[in-house]
Amino acid sequence: MAGSASETGRDTARGSAAQSGWTVFAAVMMIFGGAMAILEGIAAIAKDDLFVSTRNYVFQFNLAGWGWVHLILGIVVVLAGFALFSGALWARAVGVVLAGLLVVAHFLWLPYYPFWSLVLIAINIFVIWALCVGPQKGVRA
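Residues numbered from 1 in each chain as written. Predicted model: local features only at pLDDT ≥ 70, side-chain atom pairs only at ≥ 80, totals over all residues. Heavy atoms only, no water.

Observations regarding the packing of aromatic side chains
Within the structure shown, the criterion is met by 3 aromatic pairs. Centroid distance Trp22 to Phe25: 5.7 Å. Interplanar angle 90°. Geometry classified as edge-to-face. One end of the pair is Trp22 and the other is Phe25, both in helix α1 (residues 2–46) and 3 residues apart, which spans about a single turn. Residue Trp22 is classed as partly exposed on the basis of its relative accessible area of 32%. Pairing Phe32 with Trp116 gives two aromatic rings, centres 6.4 Å apart and planes at 75°, and the pair type is edge-to-face. (Phe/Tyr/Trp six-rings, centres within 6.5 Å; stacked < 30°, edge-to-face > 60°. Helix = DSSP H or I, 4+ residues; strand = E, 2+ residues; numbered from the N terminus. Buried < 20%, exposed > 50% of the residue type's maximum accessible area, 1.4 Å probe, protein only.)

What about the nonpolar core?
Counting 26 residues, the largest nonpolar core has Met30, Leu84 and Val127 as the members making the most contacts within it. Secondary structure elements with two or more residues in this core: α1, α2 (63–84), α3 (89–108) and α4 (114–132). The element best represented in this core is α2, accounting for 7 residues. Beyond its immediate stretch of four places on either side in the chain, Met30 contacts Val77, Ala80, Gly81, Leu84, Gly95, Leu98, Val127 and Leu131. (Core = buried A, V, L, I, M, F, W, Y, C linked by side-chain atoms within 4.5 Å. Contact = heavy atoms within 4.5 Å.)

Considerations on the packing of α2 against α3
Put simply, α2 and α3 touch, their axes get as near as 10 Å, and they point 155° apart. The orientation of α2 relative to α3 falls into the category roughly antiparallel. As α2 runs across α3, the sense of the crossing is left-handed. Contacts between α2 and α3 involve Trp66, His70, Leu73, Val76, Val77, Ala80, Ala83 and Leu84 from the former and Trp90, Ala91, Arg92, Val94, Leu98, Leu101, Leu102, Ala105, His106 and Leu108 from the latter. Among the residues forming the contact of α2 with α3, the class breakdown is 15 nonpolar, 2 polar and 1 charged. (Axes fitted to C-alpha atoms, helices over the stretch in contact; angles between N-to-C directions. Parallel < 35°, antiparallel > 145°, perpendicular 65-115°, else oblique. Left-handed = near helix turned anticlockwise from the far one by under 90°. Nonpolar A, V, L, I, M, F, W, Y, C, P; charged D, E, K, R; others polar.)

A closer look at the side chain of Ser117
You can see Ser117 is positioned in helix α4. From its side chain, Ser117 meets the backbone oxygen of His106 in a polar contact 3.5 Å long. If we ignore the near neighbours within four places in the chain, the residues touching Ser117 are His106, Trp109 and Leu110. (Polar contact = N/O pair within 3.5 Å; in protein donor to acceptor, adjacent residues only side chain to side chain.)

Looking at the side chain of Asn124
Tracing the backbone through its elements, the reader meets Asn124 in helix α4. Those residues in contact with Asn124 that lie beyond four places of it in its chain are Ala99, Leu102, Val103 and His106.

Structure, rendered in structure tokens:
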């Protein structure tokens, strides 16, 4: 009976360690992605002619306006990334919502920075996945 209780404790510890590992990964990636959004926003606000837009793209927006969106969203995402280190459930929920908003923002940012937008979309999808992964109970190695 004592052996089964200790095995259950090890499984719980292993599950929480894996969960905290994914949370730390998501936090670091959110801080990185938010910092990149801040830099994109500053570049778009400072030099409106720095970016080259493709023609006839379905979504046409003012670049300086998008710069402000990226700057504000980036600041909020960095703060949420730091909040994830607390392990609070609300920080995970906010992280999922903000990473989803960044996916949409970078999708609409495609004509200005196509390759970098695709990279950040992929990173944010991994962040959403990492924040949604729950502890694996009952799995034995």
